[in-house]
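# Structural overview
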There are 2 protein chains.
Amino acid sequence: MRTLNAADLSLNTATVSKQWTLEECIEGCKRHGIGGISPWRDKLQECGIDRAAKLIREAGLGVSGLCRGGWYTAEGALTQNVIDDNKRAVDEAAAIGAETLVMVVGGLPEGSKDIVAAREIVTEGLARTLEYARTQGVRIGIEPLHPMYAADRACVNTTGQALDICDKLGDGIGVALDVYHIWWDPEIAAQIRRAGKERIHAFHVCDWMSPTRDMLTDRGMMGEGVIDIPSFRQMVEAEGFDGLVEVEIFSAENWWKKPADDVLAAMVNALPSI
Amino acid sequence: MRTLNAADLSLNTATVSKQWTLEECIEGCKRHGIGGISPWRDKLQECGIDRAAKLIREAGLGVSGLCRGGWYTAEGALTQNVIDDNKRAVDEAAAIGAETLVMVVGGLPEGSKDIVAAREIVTEGLARTLEYARTQGVRIGIEPLHPMYAADRACVNTTGQALDICDKLGDGIGVALDVYHIWWDPEIAAQIRRAGKERIHAFHVCDWMSPTRDMLTDRGMMGEGVIDIPSFRQMVEAEGFDGLVEVEIFSAENWWKKPADDVLAAMVNALPSI
């Protein structure tokens, strides 16, 4: 494995979402020597797309992703509204030069118990977005989310399932792998090999706390929890992944309450745990 | 699918664990026309094994399972202590004529981040217990637990993974399928077919609440949540499963606070949702 430095890290803005604007995130990355950023769309829009693109470029930061497109089941059947919003997400990803547009695909439609149907809606939605993304030179990265989010966030829950969709849809679509979501998967080693370099669009890290006190916002800094993160980095690097390692931590009771500069310092200090 | 009646249900004692002793559960099943019971070992031991066996037999109840053996990683490496406790669980399952000894296999050993090693400990432990169980005519049912329990309860998290272990260990071992743990699995239909009648030892129902407010104790009565339970019953019955449908609900804030007779009445009322 390569030796990681701060310059190999990317700050997902969710990690300090309660503390900083995008502009402050960019400045913070520069101060801490962090090499990349991955904005959420709300922060990006708040800053202004063109202005954000300019600030990121001037700061010399890589852009490991844009979070997030998807949510295809938000209005039940796939609507023009949802398709259009995903087109805008593609445009935004293109504007900031993101390595991938990360897709959180959406869970069960309101009132539905049909996860099979939800998955069909998602596949159709991804196909529609991909068609447009190809014309804009943007790559689509499906993020398989932990199965505990199947109902309310994403009905694509394993890397294998995501790759089945990629197989079906062809070029320009791959996976955004977050150790938080995949660490438990008994098939993960084989599926990472199956993905290969071309389809590993992003590698996200944080840690699984044991016990976990909140299903969404109790994620840990790398090293705080039970995930053998280096084993996963080894798997993706064995396939040739050499991109930024993106740090995305949702932590209502801990990291979101700390001064953001302390969080970025902790990220850099956690390098040996990645 | 067959038409379900109260007599086709089995009460897992966890459903009313805060309200009733095993003896009260047995009386309650009789009152509500529920056909079977599945004790947890604490309730069984509290009652006394022989006395419990006699009471269950006299009540004419089926025994859909004994919860639970396993927890092979409790002491790190597989210890004699853990092996012996599982032998006692086999003896208890035999004494009450349980259809299967349900295995919650255990999560990561204290301080460990090595889920691959944990799975090896579990497979070895299951092999040891199975060897003894065969001599006692007891079937072992691995319960794949939802991936959100991989760290702290069970590192066997999919039906496919459990069946891989069954394939390796041979006769007398199968799966205990709980819709709560498997409903999200994109491979589940194929894996239930793969299991077949001989290896589907138990079928547990409850519901997934959306949102879920606690990772362990916020499970719903059938129909309250988002699981298409009949679709899963159809899958297991298509394989020939004709056993008791076991109701196991952990619900700290709702069902555990109600009078247990109301809970049993609600189970019977929920038959159309199964």
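Treat the numbers as computed from the prediction; the structure is a model and nothing was measured.

Rules used in this analysis
Every residue gets a number counted from 1 within its own chain, in the order that chain's sequence is written. Whichever chain is written first is A, and whichever ligand is written first is 1; the rest continue in order. Thresholds applied to this predicted model are a pLDDT of at least 70 for local features of residues and 80 or more for the giving and counting of side-chain atom pairs; totals over whole chains, interfaces and linings are not thresholded and use all residues. Values shown for side chains rest on all heavy atoms present in the structure; no hydrogens or waters enter the calculation. By definition, any uninterrupted DSSP run of H or I lasting at least four residues is a helix, any uninterrupted run of E lasting at least two residues is a strand, and each is numbered from the N terminus. Note that the radius of gyration is over C-alpha atoms, with the globule rule given as 2.2 Å times the number of residues to the power 0.38. For every residue, the accessible area (1.4 Å probe, protein chains only) is compared with the maximum for its type, and the residue is labelled buried under 20%, exposed over 50%, or partly exposed between those bounds. Note on definitions: a residue-residue contact is assigned when non-hydrogen atoms from the two residues lie within 4.5 Å. All accessible-area figures derive from a Shrake-Rupley calculation using a 1.4 Å probe, and residue coverage is judged against the displayed protein chains alone. We count Lys and Arg on the positive side and Asp and Glu on the negative side, and we leave His and both chain ends out. In this description, the location of a charge corresponds to atom NZ of lysine, CZ of arginine, CG of aspartate or CD of glutamate. The directions considered for the arc are those from the helix axis to the C-beta atoms. Alignment of the copies relies on least squares applied to C-alpha atoms, considering only residues that score at least 70 for pLDDT in both. Only the stretch in contact is used when a helix axis is fitted, and all axes are lines through C-alpha atoms; the angle between N-to-C directions ranges over 0 to 180 degrees. Any angle that falls under 35 degrees is termed roughly parallel, while one over 145 is termed roughly antiparallel, one within 65 to 115 roughly perpendicular, and all others oblique. The handedness criterion is simple: a crossing whose near helix is rotated anticlockwise from the far helix by less than a right angle is left-handed, and one whose near helix is rotated clockwise is right-handed. Each of two parts loses accessible area, computed with a 1.4 Å probe, when they are put together; buried area is these two losses added. A side-chain nitrogen of Lys or Arg and a carboxyl oxygen of Asp or Glu constitute a salt bridge if their distance falls within 4 Å. What qualifies as a polar contact is a pair of N or O atoms within 3.5 Å, subject to a donor-acceptor requirement within protein and to the restriction that residues adjacent in sequence count only when both atoms come from side chains. Three classes are used, and their members are as follows: Ala, Val, Leu, Ile, Met, Phe, Trp, Tyr, Cys and Pro are nonpolar, Asp, Glu, Lys and Arg are charged, and the others, Gly among them, are polar. The rule for pairing is simple: two strands pair if DSSP sees at least two bridges between them. Pairing of aromatic side chains here covers Phe, Tyr and the six-membered ring of Trp, requires ring centres within 6.5 Å, and sorts the geometry by plane angle: under 30 degrees stacked, over 60 edge-to-face, intermediate tilted. Only when the NZ of Lys or the CZ of Arg is both within 6 Å of the ring centre and within 35 degrees of the ring normal is a charge said to sit over the ring.

### Considerations on the overall build of chain A
Along chain A, the regular secondary structure elements total 10 helices and 11 strands. Since a compact globule built from 274 residues should have a radius of gyration of about 19 Å, the 17 Å found for chain A is in line with a globular shape. In terms of overall dimensions, chain A has a C-alpha envelope of 45 × 40 × 35 Å along the principal axes. Here chain A holds 274 residues, and the buried ones make up 60% of them. Intrachain contacts of chain A at a sequence separation of at least 6 include 79% that bridge at least 24 residues. Carbon and sulfur atoms provide 46% of the accessible area of chain A, an area that totals close to 10,100 Å². Averaging the locations of the 28 positively and 41 negatively charged side chains of chain A gives two centres separated by 1 Å.

### Topic: helix H9 (residues 229–238) of chain B
Residues and elements named next belong to chain B. For H9, every residue scored as buried is listed here: Ile229, Phe232, Arg233, Val236 and Glu237. In a view along the axis of H9, the buried residues occupy a sector of 130°, so they form one face of it. One or two positions beyond H9, positive phi appears at Gly240, with a value near 105°.

### A word on the relation of the copies chain A and chain B
Between chain A and chain B, which share one sequence, the superposing operator has a rotation angle of 180° and an axial displacement of 0.0 Å; the RMSD is 0.0 Å. When the rotation and shift are considered jointly, the pair of chain copies conforms to a two-fold rotation axis.

### Some words on the packing of helix H4 (residues 80–96) of chain A against helix H5 (residues 115–136) of chain A
Residues and elements named next belong to chain A. Taken N-terminus to C-terminus, the directions of H4 and H5 make an angle of 30°; their axes are 10 Å apart at the nearest point. Looking at the two axes, H4 sits roughly parallel to H5. Considering only the axes of H4 and H5, their crossing is right-handed. In contact with Gln80, Ile83, Asn86, Lys87, Val90, Asp91 and Ala94 of H4, H5 contributes Arg128, Thr129, Tyr132, Ala133 and Gln136.

### Describing the interface of chain A and chain B
Counting residues at the interface gives 30 residues for chain A, matched by 30 residues for chain B. Summing the contributions of chain A and of chain B, the shared interface buries around 2,200 Å²; its carbon and sulfur component is 67%. There are zero salt bridges connecting chain A and chain B. Counting across the interface, chain A meets chain B through four residue pairs in polar contact (both at pLDDT 80 or more). Secondary-structure elements contributing two or more residues to the side of chain A that touches chain B are H5, helix H6 (159–169) and strand S9 (207–208) of chain A. Residue composition of the side of chain A that touches chain B, grouped by class: 13 nonpolar, nine polar and eight charged.

### Brief notes about the sheet that holds strand S6 (residues 140–142) of chain B
Residue and element names in this part refer to chain B. The parallel open sheet is built from nine strands, whose spatial order is S3-S2-S1-S11-S8-S7-S6-S5-S4. Here the strands that pair on one side only, and so sit at the sheet edges, are strand S3 (62–63) and strand S4 (66–70). Pairing of strand S2 (residues 36–38) with S3, which is carried by two bridges, proceeds in the parallel orientation. Residue Gly36 lies in a different strand from S3, and its bridge partner there is Gly62.

### Points about the packing of aromatic side chains
For the coordinates displayed, the defined rule picks out 11 aromatic pairs over all chains. Seen from their ring centres, Phe250 of chain A and Trp256 of chain A are 6.0 Å apart, and the 35° between their planes marks the pair as tilted. Classification of Phe250 of chain A by relative accessible area gives buried; the value is 11%. Trp256 of chain A sits in the buried class, given a relative accessible area of 14%. Chaining the aromatic ring pairs together yields one cluster made of Trp40, Phe250 and Trp256 of chain A. The ring of Trp255 of chain B is capped by Lys258 of chain B, whose NZ or CZ atom sits 5.2 Å from the centre of that ring.

### A few points about the sheet that holds strand S7 (residues 173–178) of chain A
Residues and elements named next belong to chain A. Spatially, nine strands are ordered S3-S2-S1-S11-S8-S7-S6-S5-S4 in an open sheet, and the strand pairing comes out parallel. Edge positions in the open sheet fall to strand S3 (62–63) and strand S4 (66–70), since each of these has one partner strand only. As defined by bridge partners, strand S5 (residues 101–104) adjoins strand S6 (residues 140–142) across three bridges and the pair is classed as parallel. Residue pairing for S6: Leu101 is matched across the bridge by Ile140. Strand contacts of H4: S3, S4 and S5, with the helix running at about 155° to S4, the strand carrying the most contacts.

So far we have only geometry, and geometry alone does not tell us how the molecule works.
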